[in-house]
Amino acid sequence: MVAYGGTYTYPGNKIEHHIDISYNETWTGTRVVRDIAREGNRLVYTTRPAPFSGDGKMSIRALIF
(Lines give C-alpha, C1' and ligand atoms only; values in the text may rest on other atoms or scores of the structure.)
Protein backbone atom coordinates (compact mmCIF):
# COMPACT_ATOMS: atom_id res chain seq x y z
CA MET A 1 0.00 0.00 0.00
CA VAL A 2 1.13 3.52 -0.78
CA ALA A 3 -0.88 6.57 0.19
CA TYR A 4 0.13 10.20 0.52
CA GLY A 5 -1.22 13.65 -0.20
CA GLY A 6 0.10 17.12 -0.89
CA THR A 7 0.99 19.41 -3.74
CA TYR A 8 3.10 18.63 -6.79
CA THR A 9 5.16 20.31 -9.49
CA TYR A 10 5.51 19.08 -13.04
CA PRO A 11 8.64 20.43 -14.71
CA GLY A 12 8.30 18.21 -17.81
CA ASN A 13 9.70 14.68 -17.72
CA LYS A 14 9.17 14.12 -14.00
CA ILE A 15 6.69 14.88 -11.25
CA GLU A 16 7.68 16.06 -7.79
CA HIS A 17 5.24 15.30 -4.97
CA HIS A 18 5.57 17.57 -1.91
CA ILE A 19 4.15 15.31 0.80
CA ASP A 20 2.04 16.91 3.54
CA ILE A 21 0.49 13.70 4.90
CA SER A 22 1.37 10.03 4.42
CA TYR A 23 0.61 6.53 5.66
CA ASN A 24 4.37 6.30 6.22
CA GLU A 25 5.09 9.21 8.56
CA THR A 26 8.76 9.31 7.57
CA TRP A 27 7.64 10.61 4.13
CA THR A 28 5.65 13.52 5.62
CA GLY A 29 7.45 16.78 4.87
CA THR A 30 9.59 15.25 2.12
CA ARG A 31 9.66 15.38 -1.68
CA VAL A 32 9.20 12.28 -3.85
CA VAL A 33 10.34 12.38 -7.48
CA ARG A 34 8.90 10.10 -10.16
CA ASP A 35 10.16 10.02 -13.74
CA ILE A 36 7.38 10.07 -16.33
CA ALA A 37 7.32 8.63 -19.83
CA ARG A 38 4.55 8.25 -22.38
CA GLU A 39 4.63 4.93 -24.22
CA GLY A 40 1.87 4.88 -26.82
CA ASN A 41 -1.37 5.31 -24.89
CA ARG A 42 0.32 4.47 -21.57
CA LEU A 43 1.70 6.80 -18.93
CA VAL A 44 4.60 5.23 -17.00
CA TYR A 45 5.77 6.54 -13.62
CA THR A 46 9.09 5.11 -12.38
CA THR A 47 10.90 5.59 -9.10
CA ARG A 48 14.52 6.53 -8.78
CA PRO A 49 16.75 3.61 -7.70
CA ALA A 50 16.37 2.88 -3.98
CA PRO A 51 16.81 -0.08 -1.62
CA PHE A 52 13.80 -2.42 -1.67
CA SER A 53 12.19 -2.71 1.77
CA GLY A 54 11.94 -6.51 1.55
CA ASP A 55 15.56 -7.46 0.85
CA GLY A 56 17.57 -4.23 0.67
CA LYS A 57 18.51 -4.71 -3.01
CA MET A 58 18.49 -1.62 -5.21
CA SER A 59 15.31 -1.52 -7.26
CA ILE A 60 13.17 0.63 -9.53
CA ARG A 61 9.38 0.41 -9.39
CA ALA A 62 6.99 1.29 -12.18
CA LEU A 63 3.34 2.28 -12.17
CA ILE A 64 1.59 2.12 -15.54
CA PHE A 65 -1.66 3.87 -16.38
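Nothing here was measured: the structure is a model prediction, and the numbers come from that model.

## Quick look at the overall build of the protein chain
Counting its regular elements, the protein chain contains zero helices and seven strands. In sequence order, the protein chain lays out its α and β elements as β-β-β-β-β-β-β. If one aligns the C-alpha atoms of the protein chain with their principal axes, the spans along those axes are about 35 × 30 × 20 Å. Relative to its full complement of 65 residues, the protein chain shows a buried share of 18%. Here the analysis covers contacts within the protein chain between residues at least 6 apart in sequence; of these, 7% occur between residues at least 24 apart. Total accessible area on the protein chain is roughly 5,000 Å²; 55% of this is exposed by carbon and sulfur atoms. Within the protein chain, one finds 8 positive and 6 negative side-chain charges whose respective centroids are separated by 6 Å.

## Looking at the packing of aromatic side chains
Across all of its chains, the model carries three aromatic pairs by this definition. Ring plane angle 75° and centroid distance 6.1 Å describe the contact between Tyr23 and Trp27, whose orientation is recorded as edge-to-face. Accessibility expressed as a relative area gives 41% for Tyr23, which makes it partly exposed. Relative to Phe65, the ring of Tyr45 has its centre 5.5 Å away and its plane inclined at 70°; by these criteria the two rings are edge-to-face.

## Observations regarding the pattern of salt bridges
The full count for this structure, using the stated rule, is three salt bridges. In this structure, the salt-bridge partner of Glu16 is Lys14, at a minimum N-O distance of 3.4 Å. Since its relative accessible area comes to 13%, Glu16 is described here as buried. Classification of Lys14 as partly exposed rests on a relative accessible area of 23%.

## Describing the pairing of strand β4 (residues 42-47)
Here strand β3 (residues 31-39) runs beside β4; their pairing, made up of six bridges, is antiparallel. Its bridge partner lying in β4, Arg38 is registered against Leu43. Counted between consecutive antiparallel strands, the loop separating β3 from β4 contains two residues, among which Gly40 sits at a positive phi close to 65°. Bridge analysis of β4 against strand β7 (residues 62-64) gives three bridges, and the strand direction is antiparallel.

Procedures and definitions
- Residues numbered from 1 in each chain as written.
- Predicted model: local features only at pLDDT ≥ 70, side-chain atom pairs only at ≥ 80, totals over all residues.
- Heavy atoms only, no water.
- Helix = DSSP H or I, 4+ residues; strand = E, 2+ residues; numbered from the N terminus.
- Buried < 20%, exposed > 50% of the residue type's maximum accessible area, 1.4 Å probe, protein only.
- Contact = heavy atoms within 4.5 Å.
- Areas by Shrake-Rupley, 256 points an atom, 1.4 Å probe, with all protein chains shown as cover.
- Lys, Arg positive; Asp, Glu negative; His and termini not counted.
- Charge placed at Lys NZ, Arg CZ, Asp CG, Glu CD.
- Phe/Tyr/Trp six-rings, centres within 6.5 Å; stacked < 30°, edge-to-face > 60°.
- Salt bridge = Lys/Arg side-chain N within 4 Å of Asp/Glu carboxyl O.
- Pairing = 2+ DSSP bridges.

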